[in-house]
Amino acid sequence: MKVLEERIRQDGRILSNTVLKVDSFLNHQVDTTLVLEIGREFARIFGGRPITKVLTIEASGIQFAMAASIALGVPFVYAKKKKAVTQEGEVYSAPVHSFTRGESYLVSISRQYLGPDDKVLIVDDFLATGAALVCLADIVQESGAELLGVGCVIEKSFQEGRGLLEERGIEVHALARIASMAPGEIVFIGNEAV
Ligand code: G4P
Ligand code: NA
Ligand code: NA
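Computed from a predicted structure; not experimentally measured.

Analysis parameters
Residues numbered from 1 in each chain as written. Chains lettered and ligands numbered in written order. Predicted model: local features only at pLDDT ≥ 70, side-chain atom pairs only at ≥ 80, totals over all residues. Helix = DSSP H or I, 4+ residues; strand = E, 2+ residues; numbered from the N terminus. Near = placed C-beta within 6 Å. Nonpolar A, V, L, I, M, F, W, Y, C, P; charged D, E, K, R; others polar. Axes fitted to C-alpha atoms, helices over the stretch in contact; angles between N-to-C directions. Parallel < 35°, antiparallel > 145°, perpendicular 65-115°, else oblique. Left-handed = near helix turned anticlockwise from the far one by under 90°. Contact = placed C-beta atoms within 7 Å. Core = buried A, V, L, I, M, F, W, Y, C linked by C-beta atoms within 7 Å. Buried ≥ 20, exposed ≤ 12 C-beta atoms within 10 Å, placed from the backbone. UniProt positions renumbered as here; feature names shortened; annotations may be inferred.

Peer 1: Sorry if this is basic, but what is going on with unusual backbone geometry here?
Peer 2: The phi angle of most residues is negative, glycine excepted, and most peptide bonds adopt the trans form. Residue Ala-59 is bonded to the preceding Glu-58 through a cis peptide linkage, with omega at 5 degrees. Tracing the sequence through the fold places Ala-59 in the loop between strand 3 (53-57) and helix 4 (62-72).

The structure is reproduced here in structure tokens:
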């Protein structure tokens, strides 16, 4: 997505060879015009599929899932992160270890909002190590819903997330794919033909 790549070049801050800050337009302060465009792009890529629900994880996946759900005309659900043990039975839950934060947390989704009748598109901001996304995919599988794809706004292709998802037979699309980066320099992989 050209406009997104240009914006990342212009306003992204590369903190190291692995961390890209997009706080000024995507993750903290939010450019809603761009976010709605991102939602329409996800709908363009995945809209041919019979999606019933968009799924993401709090916090910074929410605005993109909402934009995709508006464009697709279906509800979205966001998984919650908790440190404490949740109500057994009422929720699907699975542990995630966050490599960037160096801590583990529980991801949970109420059983009311995901089940065998659902066909799910997972959306998130970053595809990095894939830890959170693999966890969401596992929960979708446990619920009996069908996972129709994963859409990420920014993929750091030099990390292992895409491989972990594709290993499970999951189709992944990212709107901006970063091959490599260093302060002052960012290399994108050419747009996927879809
Ligand atoms: P992931 O690939 O499944 O997202 O898992 P990972 O453990 O690698 O990433 C942990 C958190 O760090 C995720 O946010 C992810 O979105 C974020 N992240 C990973 N790489 C970058 C990066 O280069 N820049 C920025 N800004 N964030 C990155 P999270 O734990 O889900 O937290 P939240 O921010 O959504 O609340
Ligand atoms: Na995230
Ligand atoms: Na994040």
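Peer 1: Looking at this model, I keep getting lost on the site of ligand 1. Mind explaining?
Peer 2: Lining the immediate environment of ligand 1, one finds 23 residues, of which Ser-60, Phe-126, Ala-128, Thr-129 and Ala-132 sit closest. Elements with a minimum of two residues in the shell around ligand 1: strand 2 (20-21), strand 7 (119-127) and helix 5 (131-143). Partitioning the shell around ligand 1 into residue classes produces 12 nonpolar, 8 polar and 3 charged.

Peer 1: Honestly, the packing of helix 3 (residues 32-46) against helix 4 in this entry has me stumped. Any pointers?
Peer 2: The axes of two packed helices give the description: the angle between them and the distance between them. Their axes nearest at 7 Å, the elements helix 3 and helix 4 cross at an angle of 55 degrees. By the angle class used here, helix 3 and helix 4 are oblique. The two elements helix 3 and helix 4 meet at a crossing, and its hand is right-handed. Between helix 3 and helix 4, the contacting residues are Val-35, Leu-36, Ile-38, Gly-39, Arg-40, Phe-42 and Ala-43 on the first element and Gln-63, Phe-64, Ala-67, Ala-68, Ile-70, Ala-71 and Leu-72 on the second. In the contact of helix 3 with helix 4, the residues fall into 11 nonpolar, 2 polar and 1 charged.

Peer 1: Help me understand the nonpolar core, please; the structure alone is not making it clear to me.
Peer 2: Looking at soluble globular proteins, one finds that nonpolar side chains tend to be buried together. Ranked by size, the top nonpolar core spans 56 residues in total, and within it Ala-68, Leu-121, Ile-122, Leu-136 and Ala-176 carry the most contacts. Residue contacts for Leu-121: discarding those within four places in its chain leaves Phe-46, Ile-51, Val-54, Ala-68, Leu-148, Gly-149 and Gly-151.

Peer 1: Mind showing me how you'd approach the UniProt feature "binding site: xanthine" (unreviewed entry) in the chain here?
Peer 2: UniProt's entry tags Leu-20, Asn-27 and Lys-156 with the feature "binding site: xanthine" (unreviewed entry), counted in the numbering of this structure. In this structure, Leu-20 sits in strand 2. Every residue in contact with Leu-20, bar those within four places of it in the chain, is listed here: Gly-12, Ile-14, Ile-154 and Met-181. Tracing the sequence through the fold places Asn-27 in helix 2 (residues 23-27). Under the C-beta neighbour-count criterion, Asn-27 is labelled partly exposed, with 17 such atoms within 10 Å.

Peer 1: How should I be thinking about the environment of Pro-116 in this particular structure?
Peer 2: Secondary-structure assignment places Pro-116 in the loop between strand 6 (103-110) and strand 7. Among the residues examined, Pro-116 registers 8 C-beta atoms within 10 Å and is labelled exposed. Sequence separation between Pro-116 and Lys-53 is 63 residues; the distance between their C-alpha atoms is 12 Å. Leaving out residues up to four positions away in the same chain, Pro-116 has contacts with Gly-144 and Ala-145.

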